[in-house]
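Chain by chain, the residues:
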Amino acid sequence: MKRISLTQHLIEEQRLYNTIPASLRLLIEVVARACKTISHSVGKGALGDVLGSANSENVQGEVQKKLDVISNEILLQANEWGGHLAAMASEEMETIHPIPNRYPMGEYMLLFDPLDGSSNIDVNVSIGTIFSVLKAPEGMVTPTEKDFLQPGTMQVAAGYAVYGPQTMLVLTTGNGVQCFTLDREMGSWVMTQRDIQIPAETKEFAINSSNARHWHPPVKRYIDEMLAGRTGPRGKDFNMRWIASMVADVHRILNRGGIFMYPADLREPDKAGKLRLMYEANPMAFIVEQAGGTATNGQKRIMEIQPEKLHQRVPVFLGSKSEVERVTSYHAA
Ligand code: AHG
Ligand code: MN
Ligand code: MN
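What you see is a predicted model, and the numbers here were worked out from it, not measured in a lab. (Residues numbered from 1 in each chain as written. Chains lettered and ligands numbered in written order. Predicted model: local features only at pLDDT ≥ 70, side-chain atom pairs only at ≥ 80, totals over all residues. Heavy atoms only, no water.)

A. Summary view of the site of ligand 1. Taken together, 17 residues surround ligand 1, and among them D116, G117, S118, M246 and Y262 come closest. D116 is positioned with one of its side-chain polar atoms (N or O) 2.7 Å from an oxygen atom of ligand 1. Taken by itself ligand 1 offers 480 Å² of open surface, and the protein chains cover 87% of this. If you map ligand 1 onto the pockets, it falls in the largest pocket. Elements with a minimum of two residues in the shell around ligand 1: β5 (108-116) and β13 (259-262). Looking at the shell around ligand 1, the element that brings in the most residues is β5, giving 3 residues. Here the residues of the shell around ligand 1 are counted per class, giving 7 nonpolar, 4 polar and 6 charged. Mapping the shell around ligand 1 onto the domain boundaries places at least three of its residues in each of domain 1 (6-193) and domain 2 (204-332). (Near = heavy atom within 4 Å. Polar contact = N/O pair within 3.5 Å; in protein donor to acceptor, adjacent residues only side chain to side chain. Areas by Shrake-Rupley, 256 points an atom, 1.4 Å probe, with all protein chains shown as cover. 1 Å grid on protein atoms, 1.4 Å probe; cavity = no way out; pocket = protein on both sides within 12 Å on 5 of 7 lines; lining within 4 Å. Sits in = over half its atoms within 2 Å of the grid points. Helix = DSSP H or I, 4+ residues; strand = E, 2+ residues; numbered from the N terminus. Nonpolar A, V, L, I, M, F, W, Y, C, P; charged D, E, K, R; others polar. Domains from an automatic or database assignment.)

B. Spotlight on the coordination of the manganese ion (ligand 3). At this site the manganese ion (ligand 3) is bound by E91 (OE), D113 (OD) and L115 (O), with donor distances of 2.2 to 2.3 Å. In this structure, the manganese ion (ligand 3) lies 3.7 Å from the manganese ion (ligand 2), and both are coordinated by D113. Residue E91 is found in the loop between β3 (85-90) and β4 (97-98), and its partner D113 is found in strand β5; the two are separated by 22 residues along the sequence. Residue classification places E91 among the buried residues on the basis of a relative accessible area of 5%. (Donors = N, O, S within 2.8 Å, 3.2 Å for Na, K, Ca; no water. Buried < 20%, exposed > 50% of the residue type's maximum accessible area, 1.4 Å probe, protein only.)

Shown next, in the form of structure tokens:
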């Protein structure tokens, strides 16, 4: 089989669609290289002394794992010097990280969840990295947090790396979704899936059902109908999966179909769910839509939400179109 590298793919996509100028290609390649480094650390585990807690908290009050901090540092260092970025933002940093003065400033802005699925780090279950790329607003001189507050429709690229039995990179620049597998011996990303399409019909759903008692009525109705199985209103049996790494759950859905949900609930009524809009929900929504799926917050398209804060949270329903449309329609009922 002919091997297509990430670089070759990016160059060919630029020739076809004119959507990946050299500076964006550099950005994607640098992020992909950083993910290789993270993958290497993840793979070392206890042998690399990367497991366990970092004894610190991030801005959302979550205890940071060593790998959260290490991955954040790897992404920052890799992306600082290339001249392709104006600033970065991350789940693990309270505010934005402008590019230091000693380096030239570029036209893109990068957001990331350096390590997604932190609760799975110490138990050797798949985890990942999620990233989203925006353009700096016209005429921006000194980047501020406000410059990042663009709706997901403005993303020029989004992707994730999943560190599982294989390390994979799933990427969109707005012309479909491609998947690359890391060839560990060669150190290169090789395309292994082109134009991934989420199966429209599904019998699988993903939700943390330990929160069932806190769910709002539309979510409860939707799940109850699926649980009722063949003799219920849906007329078929469903299966449930919950990995607790959004990256791994989304990766399964891209390949096999299904719906992933992290709704807002009554536990903390002021909290709009758990997941963060700008570096978790938006990039995943972009990928899912590019693969023929849908992503809403229960009311509207996630990518059309105007962000108000860098670390804002959002309810998430994404995956196979018909299922996401159904649970979204229950919210309107
Ligand atoms: P992170 O590790 O970046 O904080 O994200 C974890 C997220 C997401 O990946 C996952 O789907 C969800 O949290 C799991 O939440 P529960 O622990 O409530 O199952
Ligand atoms: Mn996450
Ligand atoms: Mn994280």
